[in-house]
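Structural description and commentary
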Amino acid sequence: ADSDGDHHGQNFGKVMTDYSDKVSATGKQRNKLHALEKKHRENAALNVLARIDDCEISRFTPYKEVRRILLARSPAQLSVKRVELGTKVRQPTADKSHAQICATF
């Protein structure tokens, strides 16, 4: 029986419960995807803002080139080459300031 007291058959409650569970699961999955997409969209916007003044990386630089540039700048790249951070490492841009690097382009 429903909230009005009307009867709709013996299996109606089971059918409605199954349908409700399916809709609930679909909604939860949709919400998870939406939250994940929103997080990635916000992170991408922050990354663009962080690199807005970067003269080596433009908005249209291919992602492989961006990755190469960022890896070359990071301390993690030095550890891959088995170099300690305290030692002097020669990198083309390591001895130049940001203004000097931008002036070369």
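In case you missed it, the structure is sitting above this.
Bear in mind that the values here come from a model prediction, so they are computed numbers and not experimental data. (Residues numbered from 1 in each chain as written. Predicted model: local features only at pLDDT ≥ 70, side-chain atom pairs only at ≥ 80, totals over all residues. Heavy atoms only, no water.)

Considering the side chain of aspartate 54
Structurally, aspartate 54 is set in the loop between α1 (12-50) and α2 (63-73). Side-chain polar atoms of aspartate 54 contact the backbone nitrogen of glutamate 56, separated by 3.0 Å. (Helix = DSSP H or I, 4+ residues; strand = E, 2+ residues; numbered from the N terminus. Polar contact = N/O pair within 3.5 Å; in protein donor to acceptor, adjacent residues only side chain to side chain.)

Looking at the pattern of salt bridges
In this structure the tally under the stated criterion is 3 salt bridges. With a shortest N-O distance of 3.1 Å, lysine 14 and aspartate 18 are connected by a salt bridge. In this pair, lysine 14 and aspartate 18 are both assigned in helix α1, 4 residues apart and thus about one turn of the helix distant. Accessibility expressed as a relative area gives 40% for aspartate 18, which makes it partly exposed. Taking the shortest distance from any N to any O, the salt bridge between arginine 68 and glutamate 65 comes out at 2.6 Å. Of the two residues, arginine 68 and glutamate 65 are both situated in helix α2; the distance of 3 residues between them amounts to about one turn of the helix. (Salt bridge = Lys/Arg side-chain N within 4 Å of Asp/Glu carboxyl O. Buried < 20%, exposed > 50% of the residue type's maximum accessible area, 1.4 Å probe, protein only.)

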